[in-house]
Amino acid sequence: MAKLTVRDLNVRGKRVFVRVDFNVPMEDQDGQMVINDATRIRETLPTIELLVEKGARVILAAHLGRPKGKREPSMSLRPAAAKLADLICRPVAFVDDCIGEKVEKTAGLLQPGDLLLLENLRYYNEEEANDPGFAAALAKLGDVYVNDAFGAAHRAHASTEGMARVIAARGDPCAAGLLMERELKFLGEELENPARPFVVILGGAKVSDKINVIDRLLEKADAILIGGAMAYTFKLAQGLKVGRSLVEADKIDVARAAMEKAKTRGARFLLPVDDVVANPVDTGKVNKKGKPVIEMQNPRVHSGGNLPDESGGVDIGLETVKRYGEVIRSAKTILWNGPMGIFEDPRFADGTFAVARLVVEASHKNGAKSIIGGGDSVKALHNAGLGDQVTFMSTGGGASLEFLEGKELPGVAVLSDKQSERG
Ligand code: AMP
């Protein structure tokens, strides 16, 4: 059932509590916290602007970092209020708490179109604990609840779930913001009945992180292309030698079952036919976190089955890019999650960037819908300068994976269904 969205609401003069994702990277510059990247704030502008236009009294709430229940000054959201004011060209009031009398009074004084940002929700442990008293205190602040923080929707916290339940129980509406609406549309509805061929590209570190996604998508996909370290767990399951590649030896059965399922369903399941390999060498040094620094030496392309004992796979090779390219070019729907190699190292980024270019090309030339499932693939597209050339990039990491697995996210489940609109 489609969820109520902020478009459906009549909010003139009402206090609208909006859960946003303002968990932005900040750094200390001469004793002042400065926002490094305001993308997340920018992405919520359409929802906030729509609410302002509709004459709502807007109360924004978010978490920043992990202050673990303490008032950690470096994790105050105050700089986010200033940044939002800059971006939206309107004053944004800030209150240094998120519940209680002072907050209620400040929220009560808002006029239609006014904006107020509350202090970091995680200054209270009760937020993550989904404490009923805390949820009720938050719920007191709004006549209507809107959630635009998809990236936090897989967590049942007080601001993402508990307070919405209180508001819904009062008979008031709980709606998705525009950003959340797009996530539900592209990761949900669009993949329900995808235009075919539907090609899924999965990479990244671990099979275990994505096996449920693979399992679910095998029901629908025409082809699954595997890259990244996870390819080596599948190769291991095929009885191949994978040298010193990152693998999950305890996931071989799971990998084998997925390949069997693909066969039964008639879905193509492609693994790399050549790899960029390198030799991991312990430098004897440790990094800032006290972990040993491993250098990848002697990078080269390796074709054929077994990898040399002393080498690990770090990227897909050119021949693999060519084969994957043929499949991607024919696609009408593409879902991509996870890099094809250790793309943070420019020596091993070619495969990931090549896939990024192929996905963009298929979107332009073949009219394919290209949906990027968040996390590192989004980073890779940005690094390749192709960020705006796909159909949709998810803002959620863990949340997108759980949603793609078919799990009901607590922060989505709690939103009102369209038919129960009250506005
Ligand atoms: P994930 O969060 O599961 O999408 O994994 C992303 C991480 O996987 C990135 O940090 C990559 O460096 C890493 N990764 C991708 N391919 C490999 C590989 N062949 N060996 C080791 N790490 C890899």
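Basis of the calculations
Residues numbered from 1 in each chain as written. Predicted model: local features only at pLDDT ≥ 70, side-chain atom pairs only at ≥ 80, totals over all residues. Heavy atoms only, no water. Helix = DSSP H or I, 4+ residues; strand = E, 2+ residues; numbered from the N terminus. Buried < 20%, exposed > 50% of the residue type's maximum accessible area, 1.4 Å probe, protein only. Near = heavy atom within 4 Å. Polar contact = N/O pair within 3.5 Å; in protein donor to acceptor, adjacent residues only side chain to side chain. Areas by Shrake-Rupley, 256 points an atom, 1.4 Å probe, with all protein chains shown as cover. 1 Å grid on protein atoms, 1.4 Å probe; cavity = no way out; pocket = protein on both sides within 12 Å on 5 of 7 lines; lining within 4 Å. Points joined across faces, edges and corners; volume = space filled by probe spheres on them. Nonpolar A, V, L, I, M, F, W, Y, C, P; charged D, E, K, R; others polar. Salt bridge = Lys/Arg side-chain N within 4 Å of Asp/Glu carboxyl O. Phe/Tyr/Trp six-rings, centres within 6.5 Å; stacked < 30°, edge-to-face > 60°. Lys NZ or Arg CZ within 6 Å of the ring centre and 35° of its normal. Pairing = 2+ DSSP bridges. Core = buried A, V, L, I, M, F, W, Y, C linked by side-chain atoms within 4.5 Å. Domains from an automatic or database assignment. Contact = heavy atoms within 4.5 Å.

1. Here we look at unusual backbone geometry
So, point 1. Omega for the peptide link from Arg196 to Pro197 comes to 0°, which places this bond in the cis form.
So, point 2. Relative to the helices and strands, Pro197 is located in the loop between helix 8 (178-192) and strand 9 (198-202).
So, point 3. Even without a glycine there, the phi angle at Lys68 is positive, about 55°.
So, point 4. Its place among the elements puts Lys68 in the loop between strand 4 (57-61) and helix 3 (78-88).
So, point 5. Exposure remark for Lys68: the relative accessible area of 61% places this residue in the exposed category.
So, point 6. Positioned with a positive phi, Cys89 is a non-glycine residue whose angle comes to about 55°.
So, point 7. Residue position: Cys89 is located in the loop between helix 3 and strand 5 (93-95).
So, point 8. In this structure Cys89 comes out as exposed when scored by relative accessible area, which is 68%.

2. Observations concerning the site of the ligand
So, point 1. Near the ligand there are 15 residues, and of these Ala205, Lys210, Gly313, Glu344 and Asp376 occur at the shortest range.
So, point 2. Between Lys210 and the ligand, the recorded distance is 2.9 Å, taken from a side-chain N or O atom to an oxygen atom.
So, point 3. Here the ligand has 510 Å² of accessible area as a free molecule, and 79% of this is covered by the chains.

3. Focus: empty space enclosed by the protein
So, point 1. Using the criterion set out here, one finds one cavity of 30 Å³ or more in the structure.
So, point 2. Reported here for the largest cavity is a volume of approximately 50 Å³.
So, point 3. Forming the boundary of the largest cavity are Asp21, Arg40, Glu43, Thr44, Asp148, Ala149, Phe150, Gly151, Leu179 and Thr395.
So, point 4. Each residue belonging to the lining of the largest cavity can be placed in one class, and the counts come to three nonpolar, three polar and four charged.

4. Description of the pattern of salt bridges
So, point 1. With the rule as written, the count across this model stands at 26 salt bridges.
So, point 2. Residue Lys369 is joined to Glu190 by a salt bridge in which the shortest nitrogen-to-oxygen separation is 2.8 Å. Residue Lys369 is located in strand 16 (residues 369-372), and its partner Glu190 is located in helix 8; the two are separated by 179 residues in the primary sequence.
So, point 3. Notably, a salt bridge pairs Arg329 with Glu361, separated by 2.8 Å at the nearest N-O pair. Taken together, the positions of Arg329 in helix 12 (residues 318-330) and Glu361 in helix 13 (residues 350-365) put the pair 32 residues apart, joining distant regions of the chain.
So, point 4. A relative accessible area of 42% places Arg329 in the partly exposed class.
So, point 5. Assessed through its relative accessible area of 25%, Glu361 is described here as partly exposed.

5. Structural notes on the packing of aromatic side chains
So, point 1. What the rule picks out here adds up to five aromatic pairs.
So, point 2. Aromatic pair Phe17 and Tyr145: ring centres 6.3 Å apart, planes at 15°, arrangement stacked. In this pair, Phe17 sits in strand 1 (residues 15-19) while Tyr145 sits in strand 7 (residues 144-147), placing the two residues 128 residues apart along the sequence. The same class applies to Phe17 as to Tyr145, namely buried.
So, point 3. Arranged with centres 6.0 Å apart and planes meeting at 90°, the rings of Phe150 and Phe403 form a pair that is edge-to-face. Pair noted here: Phe150 is in the loop between strand 7 and helix 7 (158-169) and Phe403 is in helix 15 (residues 398-404), with a separation of 253 residues, a long-range link.
So, point 4. Residue Phe150 is classed as buried on the basis of its relative accessible area of 1%.
So, point 5. The ring of Phe186 has Lys185 sitting right over it, with the charged end atom 4.9 Å from the ring centre.

6. Re the layout of surface pockets
So, point 1. A volume near 1,200 Å³ is recorded for the largest pocket.
So, point 2. Forming the boundary of the largest pocket are 41 residues, of which Asp21, Arg40, Ser394, Thr395 and Gly396 lie nearest the centre.
So, point 3. At the level of elements, helix 1 (39-43), helix 2 (45-53), helix 8, helix 14 (376-383) and strand 17 (392-393) are the ones that each hand at least two residues to the lining of the largest pocket.
So, point 4. Its residues placed into classes, the lining of the largest pocket shows nine nonpolar, 18 polar and 14 charged.

7. Examining the pairing of strand 1
So, point 1. In terms of burial, strand 1 is a largely internal element, five of the five residues being buried.
So, point 2. Residue alternation in strand 1 divides its side chains into two sets, Arg15, Phe17 and Arg19 and Val16 and Val18, and both sets are buried.
So, point 3. With five bridges joining them, strand 1 and strand 4 adopt parallel strand pairing. Of the residues in strand 4, the one forming a bridge with Arg19 is Ala61.
So, point 4. As paired strands, strand 1 and strand 7 are joined by four bridges and run parallel to one another. What sits directly across from Phe17, in strand 7, is Tyr145.

8. Regarding the nonpolar core
So, point 1. Phe17, Leu118, Ile214, Ile226, Phe234 and Phe269 are the most contacted members of the largest nonpolar core, which totals 67 residues.
So, point 2. Domain assignment of the residues forming this core places at least three in each of domain 1 (6-182 + 409-422) and domain 2 (196-367).
So, point 3. Excluding residues within four positions of it along the chain, Ile214 makes contact with Leu202, Ile224, Ile226, Met230, Phe234, Ala258 and Phe269.
So, point 4. Leu9, Val11, Met26 and Ala80 belong to the second largest nonpolar core, which has 36 residues in total.

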